[in-house]
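Structural overview for review
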Amino acid sequence: MKKNMQQSGRIMMLTFLIFKAISGQAQVATAPINTLSISENEAGWKLLFDGKTMNGWRSYYQTDKPLSGWTIEDGCLKNAKGNGRPRTGGGDLMTDAMFTDFDLRFEWNIQQGGNSGVYYLLQERQNKPGTLMYNGDDGTSAVAFEYQLVDDERHPDVLKNGPIHATGSLYALIPPNDSKKLKPAGEFNESRIIVHGNHVEHWLNGTKIVSFDLGSAVLLEAIAKSKYKNVPGFGLKAATRILLQDHGDEIRFRNIKIRSLSE
């Protein structure tokens, strides 16, 4: 009898643990997006996208006109597909607010063969044309550090130029390290950009993949060999907007949040 009771107790405990695990998984799967937890609110995190409106965002070029091309679908900011060239979808989208020292986190999902990026340390050149950045540029496009977002397996820019143009790189300047773990196109990845003083980091899916210091010999040498070499003031620390690049491919963003690191 005692042995049977012990066995029944073990079965009940095992059943409870299985139920608890399944319930926990369900809670994770159904956790609301574009929200902050109590602890995140207490830590000073702010949502840059509420999942319902484009409040806090504006077009890079048409700052006085309604946004077009970008839509909100299933709680995501979605850029319309263009022809695979810059500014042929929804146009570059940037924050109203400016930031100096920050921890930025966001989730993104890009179509197969797609290309995009998140800009920071941004120079706005709408009314003061400068160095041409790509074929078809008129010199008024944004110039910035770029956290590259791209389909590593299929996009020709990566296949031709390698890791320095791959997801998570400081585009065209510093490649990600070997700890990078990227989910395939069509799945959501989580990225993070930290700017604190002169120190900058790129993270992907919980792992730091790029780390550098503004003004360092490594960075200055990389800039000198890049298309940014003739851009005055490129790479200098300054207050910046955050810009979501339209590279003519469909991409979705969600859970975009930021925390100030300024003292």
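Note: the structure precedes this text.
Attention here is on the structure that accompanies the text. (Residues numbered from 1 in each chain as written. Predicted model: local features only at pLDDT ≥ 70, side-chain atom pairs only at ≥ 80, totals over all residues. Heavy atoms only, no water.)

Things to note about helix α4 (residues 217-224)
Since one α-helical turn is 3.6 residues long, residues separated by three or four positions face the same way. Regarding α4, the residues found buried are Leu219, Ala222 and Ile223. Projection of α4 onto a plane perpendicular to its axis shows the buried side chains occupying an angular sector of 100°, all on one side. Its buried side turned inward, α4 meets β8 (143-150) and β11 (207-213). (Buried < 20%, exposed > 50% of the residue type's maximum accessible area, 1.4 Å probe, protein only. Helix = DSSP H or I, 4+ residues; strand = E, 2+ residues; numbered from the N terminus. Arc of directions from axis to C-beta. Contact = heavy atoms within 4.5 Å.)

Comments concerning the packing of aromatic side chains
Per the stated rule, a full pass over the model turns up nine aromatic pairs. Ring plane angle 65° and centroid distance 6.4 Å describe the contact between phenylalanine 99 and phenylalanine 102, whose orientation is recorded as edge-to-face. Phenylalanine 99 sits in the buried class, given a relative accessible area of 15%. Between tyrosine 228 and phenylalanine 234, the aromatic rings sit 4.3 Å apart at their centres with planes inclined by 5°, giving stacked as the arrangement. A single burial state applies to tyrosine 228 and to phenylalanine 234, both of which are buried. For the cation-ring pair, arginine 254 lies above phenylalanine 188, with the distance from its terminal atom to the ring centre recorded as 3.6 Å. (Phe/Tyr/Trp six-rings, centres within 6.5 Å; stacked < 30°, edge-to-face > 60°. Lys NZ or Arg CZ within 6 Å of the ring centre and 35° of its normal.)

Considering the environment of alanine 43
With respect to the helices and strands, the residue alanine 43 is situated in the loop between α2 (38-42) and β1 (45-47). Since its relative accessible area comes to 43%, alanine 43 is described here as partly exposed. Considered as a pair, alanine 43 and arginine 259 are 216 residues apart in the sequence and their alpha carbons are 7.9 Å apart.

Section: the nonpolar core
Tyr120 and Phe253 are the most contacted members of the largest nonpolar core, which totals 47 residues. Of all the secondary-structure elements, those providing two or more residues to this core are β6 (102-110), β7 (115-123), β8, β9 (189-196), β10 (199-204), β11, α4 and β13 (251-260). At five residues, β6 tops the list of elements feeding residues into this core. For phenylalanine 253, the contacting residues outside a window of four places in its chain are Phe49, Trp70, Gly75, Cys76, Leu77, Phe106, Glu107, Trp108, Ser116, Val118, Leu149 and Leu244. Among the nonpolar cores identified, the runner-up in size contains seven residues, and Tyr60, Met94, Ala142 and Ala144 belong to it. (Core = buried A, V, L, I, M, F, W, Y, C linked by side-chain atoms within 4.5 Å.)

Some words on the environment of serine 191
Within the secondary structure, serine 191 sits in strand β9. Expressed as a C-alpha distance, the spacing of serine 191 and isoleucine 256, which sit 65 residues apart in the sequence, is 9.7 Å. Sequence-distant contacts of serine 191, defined by excluding residues within four places in its chain, comprise Leu104, Arg105, Phe106, Trp108, Tyr147, Leu149, Trp203 and Leu204. Here tryptophan 108 takes part through its side chain, which lies 2.8 Å from a polar atom of the side chain of serine 191. (Polar contact = N/O pair within 3.5 Å; in protein donor to acceptor, adjacent residues only side chain to side chain.)

Considering unusual backbone geometry
Backbone geometry at asparagine 34 places phi at a positive 55°, although glycine is not the residue there. Locating asparagine 34 in the fold gives a position in the loop between α1 (2-29) and α2. With a phi angle near 50°, asparagine 205 is a residue other than glycine that sits in the positive phi range. With respect to the secondary-structure elements, asparagine 205 resides in the loop between β10 and β11. When its relative accessible area of 24% is taken as the criterion, asparagine 205 is described as partly exposed.

Describing the sheet that holds strand β2 (residues 57-59)
Here five strands make up an open sheet; going across it, the order is β2-β5-β12-β7-β8 and the pairing antiparallel. Either end of the sheet is taken by a strand with one partner, and the two such strands are β2 and β8. Looking at chain direction, β2 and strand β5 (residues 93-95) are connected through three bridges and run antiparallel. Residue pairing in the sheet places tryptophan 57 in a bridge with threonine 95 of β5. (Pairing = 2+ DSSP bridges.)

Concerning the pairing of strand β4 (residues 76-79)
Burial along β4 is two-sided: Cys76 and Lys78 and Leu77 and Asn79, pointing in opposite directions, are all buried. Of the pairings in the sheet, the one linking strand β3 (residues 70-73) to β4 comprises four bridges and is antiparallel in character. Within the sheet, the bridge partner assigned to threonine 71 lies in β4 and is lysine 78. The turn linking β3 back onto β4 is made up of two residues, and aspartate 74 within it adopts a positive phi angle of 55°. With three bridges connecting them, β4 and β13 associate as antiparallel partners.

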